[in-house]
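One letter stands for each residue in the lines below.
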Amino acid sequence: MIAVQVKAELDQLGSAAVAPGLTALAIDLAQTVDATTDAPSSKAVVARELSAVMTKLRGLSSTSGKGGALDEITRRREARLKQQAQRAADGG
């Protein structure tokens, strides 16, 4: 149940393209939360870690409304490609 919701949010954030490792960690933590039934304190620890990872992923996401890290990476890449195209057009 938690894992399904986390996966849906990660898909919406597009986090796998920006931080595949953190995305995989979030999914694993969510699955661990779902699987932990007999140890409430362990579940709470895992849930806190999941929350921290999700906060990082939301910050990296371009859908956060703030223009996340992915937007910045995309802008830099576009500028670099534009410079390369300009140099090629100038013959050098």
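My aim in this report is to walk through the structure given alongside it, one point at a time.

This part takes up the overall build of the chain. The helix and strand inventory of the chain stands at five helices and zero strands. Going residue by residue from the N terminus, the α and β elements of the chain occur as α-α-α-α-α. The long-range share in the chain, meaning contacts at least 24 apart out of those at least 6 apart in sequence, stands at 57%. Carbon and sulfur atoms make up 56% of the accessible area of the chain, which totals about 6200 Å².

A few words now on the nonpolar core. The tendency in soluble globular proteins is for nonpolar side chains to be buried side by side. The biggest cluster of nonpolar side chains holds 13 residues, and the ones touching the most others in it are Val-6, Leu-10, Ala-26, Leu-50, Met-54 and Leu-57. Taken together, the elements giving at least two residues each to this core come down to helix H1 (2-13), helix H3 (20-35) and helix H4 (40-60). Looking at which element gives the most residues to this core, the answer is H4, with five residues. Ignoring sequence-local partners within four residues, the contact set of Val-6 consists of Ala-26, Ala-30, Leu-50 and Met-54.

The next thing to look at is H3. With 16 residues, H3 ought to run about 22 Å at 1.5 Å a step, and its terminal C-alpha atoms sit 23 Å apart, in line with that. Taken as a whole, H3 has its buried residues at Thr-23, Ala-26, Leu-29, Ala-30 and Val-33. Angular distribution of buried residues about the axis of H3 spans 125°; they occupy a single face of the element. Among the exposed residues of H3, those oriented more than 90 degrees off its buried face are Pro-20, Gly-21 and Ala-35.

Turning to the pattern of salt bridges, a few remarks are in order. For the coordinates displayed, the defined rule picks out one salt bridge. The residue Glu-9 makes a salt bridge to Arg-58 at a minimum N-O spacing of 2.5 Å. Of this pair, Glu-9 sits in helix H1 while Arg-58 sits in helix H4, placing them 49 residues apart in sequence. Exposure remark for Arg-58: the relative accessible area of 34% places this residue in the partly exposed category.

For the pair H1 and H4, the least separation of the axes is 11 Å and the interaxial angle reads 15°. In terms of axis orientation, H1 runs roughly parallel to H4. Handedness of the H1/H4 crossing: left-handed. Of the residues in H4, those touching H1 at Ile-2, Val-6, Glu-9, Leu-10 and Leu-13 are Leu-50, Met-54, Leu-57 and Arg-58.

Right, let's talk about H1 for a bit. The terminal C-alpha atoms of H1 lie 16 Å apart, and with twelve residues this matches the ideal 16 Å at 1.5 Å per residue to within 8%. Taken as a whole, H1 has its buried residues at Ala-3, Val-6, Leu-10 and Leu-13. Down the axis of H1, the sector holding all buried residues measures 90°, keeping them to one side. Away from the buried face of H1 by more than 90 degrees, exposed residues Val-4, Gln-5, Asp-11 and Gln-12 are located. As for H1, its buried residues are in contact with helix H2 (15-18), H3 and H4. Note on H1: the residue one or two positions beyond its end, Gly-14, has a positive phi of about 70°.

Each value, and the rule that gives it
Just so you know, the residues in each chain are numbered from 1, in the order the chain's sequence is written. Where totals are concerned, whole chains, interfaces and linings use all residues; where local detail is concerned, this predicted model gives features only for residues with pLDDT of at least 70, and gives and counts side-chain atom pairs only at 80 or more. With hydrogens and water set aside, each side-chain value is computed from the structure's full complement of heavy atoms. Counting from the N terminus, the helices are the DSSP runs of H or I reaching at least four residues and the strands are the DSSP runs of E reaching at least two. By definition, residues are in contact when any of their heavy atoms lie within 4.5 Å. In short, Shrake-Rupley with a 1.4 Å probe defines the accessible areas, and a residue's cover is counted only from the protein chains shown. Nine residue types can take part in a nonpolar core, namely buried Ala, Val, Leu, Ile, Met, Phe, Trp, Tyr and Cys, and a core is a set of them joined through side-chain atoms within 4.5 Å. Burial classes follow relative accessibility: with a 1.4 Å probe on protein chains only, a residue under 20% of its type's maximum area counts as buried, one over 50% as exposed, and anything between as partly exposed. Multiplying 1.5 Å by the helix residue count minus one yields the expected span of that helix. Within this analysis, the arc is defined by the directions that extend from the helix axis to the C-beta atoms. By convention in these notes, a salt bridge is any Lys or Arg side-chain nitrogen within 4 Å of a carboxyl oxygen on Asp or Glu. Working convention: axes come from line fits to C-alpha atoms, limited for helices to the stretch in contact. Angles between N-to-C directions cover 0 to 180 degrees. Orientation categories follow fixed angle ranges, with anything under 35 degrees roughly parallel, anything over 145 roughly antiparallel, 65 to 115 roughly perpendicular, and all other angles oblique. By convention the crossing between two helices is left-handed if the near helix lies anticlockwise of the far one by an angle smaller than a right angle, and right-handed if it lies clockwise.

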